[in-house]
Amino acid sequence: AGLYDDDLYDGAWCAGRNDPLQWLEVDARRLTKFTGVITQGRSSLWSSDWVTSYKVLVSNDSHTWVTLKNGSQDLVSSLLRS
């Protein structure tokens, strides 16, 4: 949430550190077809935070993870900030 309860543009989930080793994990709890990923940056008077690229990994057990590939290369999505 934002600084105040009525802040409309100040809240966001952000990683604790600004480095490429942070992650967000989603547990669907049952077989689920995901068809995309949408990100949204945060811009406020106090802070601006944006994701610039990400990989998507999948797992059936939360222990063994497989990176989605584009052919033989890791599928890395690069985002442009507008």
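Just above sits the structure.
Notes on the structure follow. For clarity, every value in this text was computed on a predicted model and none was experimentally measured. (Residues numbered from 1 in each chain as written. Predicted model: local features only at pLDDT ≥ 70, side-chain atom pairs only at ≥ 80, totals over all residues. Heavy atoms only, no water.)

Some points on the overall build of the protein chain
Along its length, the protein chain carries 0 helices and 8 strands. Each helix (α) and strand (β) of the protein chain, taken in turn from the N terminus, gives the series β-β-β-β-β-β-β-β. Residue burial in the protein chain is summarised as follows: out of 82 residues, 5% are buried. Put simply, of all contacts in the protein chain between residues at least 6 apart along the chain, 33% involve residues at least 24 apart. Per element, the accessible surface of the protein chain, about 8000 Å² overall, is 51% carbon and sulfur. (Helix = DSSP H or I, 4+ residues; strand = E, 2+ residues; numbered from the N terminus. Buried < 20%, exposed > 50% of the residue type's maximum accessible area, 1.4 Å probe, protein only. Contact = heavy atoms within 4.5 Å. Areas by Shrake-Rupley, 256 points an atom, 1.4 Å probe, with all protein chains shown as cover.)

So, the pattern of salt bridges
Here the idea is simple: oppositely charged side chains can pair when their charged atoms come close. A full pass over the atoms with the stated rule returns 3 salt bridges. Linked through salt bridges whose partners overlap, the residues forming this network are Lys55, Lys69 and Asp74. (Salt bridge = Lys/Arg side-chain N within 4 Å of Asp/Glu carboxyl O.)

Quick look at the side chain of Thr67
When you line up the elements, Thr67 lands in strand β5 (residues 66-67). Using a relative accessible area of 18% as the deciding quantity, one classes Thr67 as buried. When residues no more than four places from it in sequence are discounted, the contact partners of Thr67 are Lys55, Val56, Leu57 and Asp74.

A look at unusual backbone geometry
Despite not being glycine, Arg29 shows a phi value in the positive range, around 65°. By the secondary structure assignment, Arg29 is in the segment before β1 (42-43). In this structure Arg29 comes out as exposed when scored by relative accessible area, which is 77%. Despite not being glycine, Ser62 has its phi angle at roughly 65°, a positive value. When you line up the elements, Ser62 lands in the loop between β4 (57-58) and β5. Ser62 sits in the partly exposed class, given a relative accessible area of 44%.

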